[in-house]
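Overview (structure and organization)
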Amino acid sequence: MRNIIMLFMSFALFGLVLTVDAQTVSLMEIPEAGEKTTLHDGWYARRANEVLVDGNQLTAQPFDRSGWMKARVPGTALTAMLENGLFPTPEFGLNNELIPDVYHVGNDFYTFWYVLPFEVKDLPNDRQVWLNFRGINYKADIYLNGKRINTSTHEGMFLRSSFPVSQYLVAGQTNLLAVIVFPPDQPGDPNGGQGGDGMIARNVTMQFTPGWDWIQPVRDRNTGIWDEVSITTTRAVKVQHPYVTTKAPGIRQPEGKQKDAFVRTSVELENISDTPQTGTLVCETNNVRLTQKITLKPKERRTVEMKELTVGNPRLWWPNGVGRQELYDMSIAFDIDGAISDSRKLRYGIREIASEASPQNGGRIFHVNGQPLFITGGNYIASDWLLRLSPERYRDEVRFHAEMNVRMIRVWGGALLERPEFYDACDEYGILVFQDLWGSGDCNGAWIDPMKKESRERRWEYPDNHDLFIASVEDQVKMIRNHPSLCVWCGANEWPLAKDIDERLKNDVFPRIDPERTFISYSTDTLLIGKNRENIGDGPYGIQELEWFFERHAPAFNPEAGSVGSPEVESMREMMSEKDLAQVPRRGRAINAVWRYHKDLGYGAQLERYGNVTDIESYCKYAQVVNYDQYRAFMEGWASHIWEWYTGILIWKTQNPWTSLRGQMYDWYLDVNASLYGTRKGCEPLHPLYNRATRQVELVNTALGNHNVTVKATVYDRQGKILAEKKAETEIAPNSVKKLFDAPAPQNIEGVYFLKLSLEEAGKEVTSNIYWLTTTPNDYTSLESLPQTTPEVEIALNKHNNAYSGSIVLAAKDRISFFNRIKVFDKTTGKRILPVHYSDNYITLMPGDRQKIDISFDSALPEEQVEIVVAGWTSDKAVRIK
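What comes next is a walk through the structure.

Time to look at the overall build of the chain. When helices and strands are tallied, the chain shows 16 helices and 45 strands. The globule rule puts the C-alpha radius of gyration for 882 residues at 29 Å, and the 29 Å found for the chain is close to it. The principal-axis extents of the C-alpha atoms in the chain amount to approximately 90 × 70 × 60 Å. In the chain, 73% of the contacts between residues at least 6 apart in sequence involve partners at least 24 apart. Within the structure as shown, the chain displays about 32,800 Å² of accessible surface, and the carbon and sulfur contribution to it stands at 47%.

Right under this line is the structure:
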């Protein structure tokens with residue numbers, strides 16, 4: 001607390017920061033009707049209690065930049081201060097403890113003015129200019145050139161707002177836009193509970209910001225203009241909220257000629273003028289032009305249905321690993337006497353999603369284009385805990401999920417409804433989205449919790465403003481409902497929302513504005529998870545013995561179950577000092593405060609099964625091999641009981657929005673770890689597996705085609721000698737699992753041996769799956785006795801416009817090459833190049849094996865400065881290649 005008080009005193013005495021480019025003014029281009037200009041450059045920010053005038057005065061006089069700092073918009077109060085060097089990087093060590101928390105210092109500390117000076121060359125006299133905010137957290141008042149332009153204070157993190165501003169703008173001179181942003185009314189005590197003391201849930205905002213068991217508190221609760229700001233123009237009639245629904249009836253296949261599909265479109269029109277307006281509504285898509293003559297009364301709003309469009313031989317949208325992700329463009333415009341009044345452009349996919357309860361176990365089965373799909377996926381929190389969001393980062397994160405071979409992302413209810421650019425990426429990579437709204441069992445009263453300030457009964461009624469919650473849902477649903485990836489709506493995490501909110505959502509909101517999608521009240525509703533023997537809704541969340549994944553009968557559709565996921569050693573060094581890194585956990589128990597602060601989950605004694613954990617290098621080496629094995633068995637265990645026990649499984653979690661030490665396939669720096677590739681292997685659509693419980697070889701087909709294949713099992717000793725072989729020729733139907741044979745067991749061997757399962761179709765190897773097993777229970781230390789070897793490496797890498805792509809071929813001669821990790825560096829600085837996308841990683845090769853790995857990444861570095869490193873478990877040296 002003493003550090004917080006000292007920081008607060010220094011800011012009070014010295015203000016924030018003095019800018020140097022005092023005369024910079026942004027030039028704002030007024031867009032054509034239906035187009036958009038973003039206002040993201042040239043902003044300044046300052047704590048509100050340092051500004052001694054009100055918004056009318058502030059924007060009516062020349063702007064004196066003295067004492068103001070440059071501000072990121074979109075951004076938050078905290079990101080502005082971080083980028084101006086006022087606090088240390090909160091993702092490192094215990095630095096977050098040096099930043100004052102809003103609960104301790106009061107809301108005034110994070111109440112900020114944002115100011116944008118800008119110029120406009122010309123103002124259109126036939127169009128209205130609109131100022132649009134896609135997200136402000138939490139309350140705000142907005143001023144332009146001496147006038148308050150919002151007639152009521154903006155409230156709510158997830159509610160968009162739009163204001164007519166033509167009458168306030170002045171051409172040819174500096175205009176001043178100012179926004180005062182206030183933190184949530186109830187920021188909550190970050191007392192170590194899930195969502196702190198729970199009071200954050202009284203607001204309509206993200207709930208994890210006071211902290212959770214996988215993240216530390218966001219000190220300003222993400223107060224700020226956190227999403228897009230833009231300028232648009234329209235004439236007398238606005239075109240809003242287009243809604244596209246598609247039908248692809250029958251049972252479809254990804255390939256071949258398709259029967260007709262059907263596209264229905266509606267749009268909301270608003271006459272903003274005081275006179276009647278007559279024009280033509282025009283919808284263009286797939287080389288078809290639909291028109292409809294419309295007359296609107298003054299100030300009238302109307303939803304208009306277009307004629308249903310029949311699409312012959314449609315290009316269908318399919319989830320990842322099933323088929324292609326075909327997308328169509330659509331434009332909708334309102335034409336008045338030959339001039340475009342307003343227009344909207346969008347992309348959609350032709351697909352039909354339905355769901356039903358499994359007759360075997362009650363779990364929800366999702367059908368896409370008539371085909372039942374076994375759902376694999378992960379829980380996604382947010383791209384960044386401080387909301388430093390970008391389309392590029394979204395694409396990389398969603399692409400990582402596609403590379404895991406999963407089919408669904410659940411956007412978790414303690415965070416936010418993601419931005420449209422996230423769903424754009426899901427559309428392109430074929431990732432279905434399970435979208436929670438804003439509620440959690442922890443904050444909303446699922447159980448008695450001594451960490452919470454208010455009673456369970458009071459928390460059942462959160463948030464305080466139910467009408468605001470409903471208005472926010474309606475607005476955000478309309479924002480993203482055209483995305484083909486959006487699959488299911490969920491009211492909240494693990495517990496229903498307040499009774500009246502839940503009923504309004506089920507009986508009014510979703511039937512009215514998005515009736516084609518399934519809505520469930522909460523993530524552990526039996527409507528989703530079905531029946532389970534142990535009456536458990538989700539979980540568990542820690543490391544398990546590998547046999548457990550095959551033996552335990554969990555919920556039929558499990559919305560969250562998780563395990564470990566420590567990052568690689570390079571990321572660990574970005575997170576904490578060498579002194580802290582040296583104090584590695586022993587037998588799953590973190591003794592160091594920084595490890596605990598970054599939410600180390602612990603591996604139990606499983607790392608020590610591979611050797612003595614003596615330093616950070618050995619810790620990360622063993623953690624990665626455990627990560628791989630843990631998540632491969634995780635996904636194989638669920639797949640081995642497809643339909644009989646299970647209809648779907650979503651990993652808790654596949655990513656972290658900050659530098660956490662648990663539950664992730666890639667870390668906050670966007671570096672992958674072995675969990676991703678264990679998951680990828682376990683989720684292969686056509687996959688031979690070793691059942692850890694029965695010791696049988698099985699074959700899983702979660703794709704849609706029949707396959708005639710040969711599965712071969714080969715046992716090797718540590719010298720690479722073949723000890724036993726067995727194979728079977730079989731046919732496997734879609735969406736099924738088949739038991740093949742008992743896995744061959746080695747004779748007269750002590751310690752680790754290897755089981756390679758290879759799958760051939762039409763004489764060609766399709767995939768292989770290599771296990772390291774042991775005859776000495778829970779003892780893999782003999783892996784260290786593998787002969788020293790370095791794989792042969794071939795690389796072909798091309799660069800085009802700062803985009804690198806190519807392939808790496810790894811080959812083993814007469815020895816086993818175990819657990820080879822590929823990574824990319826800047827040769828000059830030694831820093832990692834991130835993110836990098838690999839078609840596979842952490843590669844194990846048996847003697848004579850050869851594997852090609854595709855690789856791609858973006859970098860402005862010249863080719864001679866890029867270094868690719870291949871580091872194996874027992875390599876006598878890392879292979880470094882330009």
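It is worth spelling out helix α16 (residues 674-682) at this point. Given 3.6 residues per turn, any residue in an α-helix points the same way as the ones three and four places further on. Of all nine residues in α16, eight are buried, a share of seventy percent or more. Where α16 is concerned, the buried positions are Ala 674, Ser 675, Leu 676, Tyr 677, Gly 678, Thr 679, Lys 681 and Gly 682. A distance of 2.7 Å separates the backbone nitrogen of Ser 675 from a side-chain oxygen at the start of α16, and that oxygen is part of Asn 673.

With that out of the way, let us pick up the nonpolar core. Judged by nonpolar contacts, the single largest core of 213 residues is most densely connected at Phe 208, Phe 754 and Trp 772. The leading source of residues in this core is helix α15 (residues 616-639), at 14 residues. Discounting chain neighbours no more than four positions away, the residues touching Phe 208 are Trp 214, Ile 215, Val 218, Ile 381, Ala 382, Trp 385, Trp 412, Gly 414 and Ala 415. Counting 48 residues, the second largest nonpolar core, distinct from the first, contains Val 239, Leu 296, Met 330 and Phe 434.

All right, on to unusual backbone geometry then. A cis amide bond links Val 73 with the next residue in sequence, Pro 74, at an omega value of 0 degrees. By the element assignment, Pro 74 lies in the loop between β4 (69-70) and α3 (77-83). One non-glycine residue, Phe 819, lies in positive phi territory at about 55 degrees.

In this section: the pairing of strand β22 (residues 364-368). With five of five residues buried, β22 lies mostly within the body of the structure. Of the two faces of β22, the one carrying Arg 364, Phe 366 and Val 368 and the one carrying Ile 365 and His 367 are both buried. Both β22 and strand β23 (residues 371-373) contribute to a ladder of three bridges, which runs antiparallel. Looking at β23, one finds that Phe 366 is bridged to Leu 373. Counting the residues that bridge the hairpin from β22 to β23 gives two residues, and of these Asn 369 lies at a positive phi of roughly 55 degrees.

Relative to the helices and strands, Thr 828 is located in the loop between β40 (817-826) and β41 (836-838). As for Thr 828 and Leu 373, which are separated by 455 residues in sequence, their C-alpha atoms are 47 Å apart.

Right, let's get into the pattern of salt bridges. Counted by the stated rule, this structure contains 63 salt bridges. Glu 270 serves as the salt-bridge partner of Arg 301, at 3.4 Å between the closest nitrogen and oxygen. One end of the pair, Arg 301, is in strand β17 (residues 301-305); the other, Glu 270, is in strand β14 (residues 261-271), with 31 residues separating them in the sequence. Here Glu 326 ties to Arg 324 by a salt bridge, and the two come within 3.3 Å at their closest N and O atoms. Its relative accessible area of 21% is what places Glu 326 among the partly exposed residues. Taken together, the salt bridges that share partners define one network made up of Lys 36, Arg 134, Asp 227, Glu 228, Arg 419 and Glu 421.

Let's shift gears to the side chain of Arg 459. With respect to the helices and strands, the residue Arg 459 is situated in helix α7 (residues 456-459). For Arg 459, which is buried and forms no salt bridge, the nearest opposite charge comes from Asp 449, at a distance of 5.3 Å. A distance of 3.3 Å separates a polar side-chain atom of Arg 459 from the backbone oxygen of Glu 454.

With antiparallel pairing, three strands are arranged side by side in an open sheet as β31-β32-β35. Both edges of this open sheet fall to β31 (686-690) and β35 (736-742), since each of them pairs with a single strand only. The mean angle between the axes of side-by-side strands here comes to 20 degrees, regardless of whether they run parallel or antiparallel. Here strand β32 (residues 696-701) runs beside β35; their pairing, made up of six bridges, is antiparallel. Bridging across to β35, Leu 699 finds its partner in Lys 738.

Turning our attention to the packing of helix α8 (residues 466-480) against helix α9 (residues 499-513). Where α8 meets α9, the axes come as close as 11 Å, and the angle between the chain directions of the two elements is 30 degrees. When the interaxial angle is binned, α8 and α9 end up roughly parallel. Between α8 and α9 lies a crossing whose hand is right-handed. On α9, the residues that touch His 466, Asp 467, Phe 469, Ile 470, Val 473, Glu 474, Val 477 and Lys 478 of α8 are Asp 500, Ile 501, Arg 504, Leu 505, Val 509, Phe 510, Arg 512 and Ile 513. Tallied by class, residues from the contact of α8 with α9 come to nine nonpolar, one polar and six charged.

Now for the packing of aromatic side chains. Taken as a whole, this structure holds 50 aromatic pairs when the rule is applied. Aromatic pair Phe 510 and Phe 519: ring centres 4.9 Å apart, planes at 20 degrees, arrangement stacked. For the pair Phe 754 and Phe 818, a centre-to-centre distance of 5.8 Å together with 65 degrees between the ring planes defines the contact as edge-to-face. One end of the pair, Phe 754, is in strand β36 (residues 752-761); the other, Phe 818, is in strand β40, and 64 residues separate them in sequence. When its relative accessible area of 0% is taken as the criterion, Phe 754 is described as buried. The cationic tip of Lys 621 hangs over the ring face of Trp 873; the distance from NZ or CZ to the ring centre is 4.4 Å.

Next up on the list: the environment of Ile 381. Its place among the elements puts Ile 381 in the loop between β24 (375-380) and α5 (391-403). Along the chain, Ile 381 and Gly 414 lie 33 residues apart, while their C-alpha atoms are 7.7 Å from each other. For Ile 381, the contacting residues outside a window of four places in its chain are Phe 208, Trp 214, Trp 412, Ala 415, Leu 416, Glu 418, Trp 652, Lys 653, Gln 655 and Pro 657.

This paragraph deals with the sheet that holds strand β38 (residues 792-800). The four strands are arranged β38-β39-β43-β41 in an open sheet whose pairing can be described as antiparallel. Looking at which strands have only one partner, the edges of the open sheet turn out to be β38 and β41. Ignoring which end each strand starts from, the neighbouring axes of this sheet average 20 degrees apart. Bridge count between β41 and strand β43 (residues 850-858): three bridges; the pairing is antiparallel. Within β43, the residue paired with Tyr 838 across the bridge is Ile 855. Sitting on the sheet, α5 is in contact with β41 and β43, with an inclination near 15 degrees to β41.

Our focus in this paragraph is the packing of α5 against helix α6 (residues 420-429). Running from N to C, α5 and α6 cross one another at 35 degrees; their axes reach a closest spacing of 9 Å. Crossing hand, α5 versus α6: right-handed. Along its contact with α5, which presents Pro 391, Tyr 394, Arg 395, Val 398, Arg 399 and Ala 402, the element α6 presents Glu 421, Phe 422, Ala 425, Cys 426, Glu 428 and Tyr 429. By residue class, the composition of the contact of α5 with α6 is eight nonpolar, no polar and four charged.

Taking 1.5 Å per residue as the helical rise, α9 with its 15 residues ought to reach 21 Å, and the 20 Å between its terminal C-alpha atoms agrees with that figure. Where α9 bends most, the angle comes to about 45 degrees, and this point is Leu 505. All buried positions along α9 are accounted for by Ile 501, Asp 502, Leu 505, Val 509, Phe 510 and Ile 513. Where the residues of α9 are buried, they touch β13 (237-247), α8, β27 (486-490) and β28 (518-520).

About the thresholds
- Residues numbered from 1 in each chain as written.
- Predicted model: local features only at pLDDT ≥ 70, side-chain atom pairs only at ≥ 80, totals over all residues.
- Heavy atoms only, no water.
- Helix = DSSP H or I, 4+ residues; strand = E, 2+ residues; numbered from the N terminus.
- Rg over C-alpha atoms; globule rule 2.2 N^0.38 Å.
- Contact = heavy atoms within 4.5 Å.
- Areas by Shrake-Rupley, 256 points an atom, 1.4 Å probe, with all protein chains shown as cover.
- Buried < 20%, exposed > 50% of the residue type's maximum accessible area, 1.4 Å probe, protein only.
- Polar contact = N/O pair within 3.5 Å; in protein donor to acceptor, adjacent residues only side chain to side chain.
- Core = buried A, V, L, I, M, F, W, Y, C linked by side-chain atoms within 4.5 Å.
- Pairing = 2+ DSSP bridges.
- Salt bridge = Lys/Arg side-chain N within 4 Å of Asp/Glu carboxyl O.
- Lys, Arg positive; Asp, Glu negative; His and termini not counted.
- Axes fitted to C-alpha atoms, helices over the stretch in contact; angles between N-to-C directions.
- Parallel < 35°, antiparallel > 145°, perpendicular 65-115°, else oblique.
- Left-handed = near helix turned anticlockwise from the far one by under 90°.
- Nonpolar A, V, L, I, M, F, W, Y, C, P; charged D, E, K, R; others polar.
- Phe/Tyr/Trp six-rings, centres within 6.5 Å; stacked < 30°, edge-to-face > 60°.
- Lys NZ or Arg CZ within 6 Å of the ring centre and 35° of its normal.
- Expected span 1.5 Å × (residues − 1).
- Bend = angle between axes of the 7 residues up to and from the residue.

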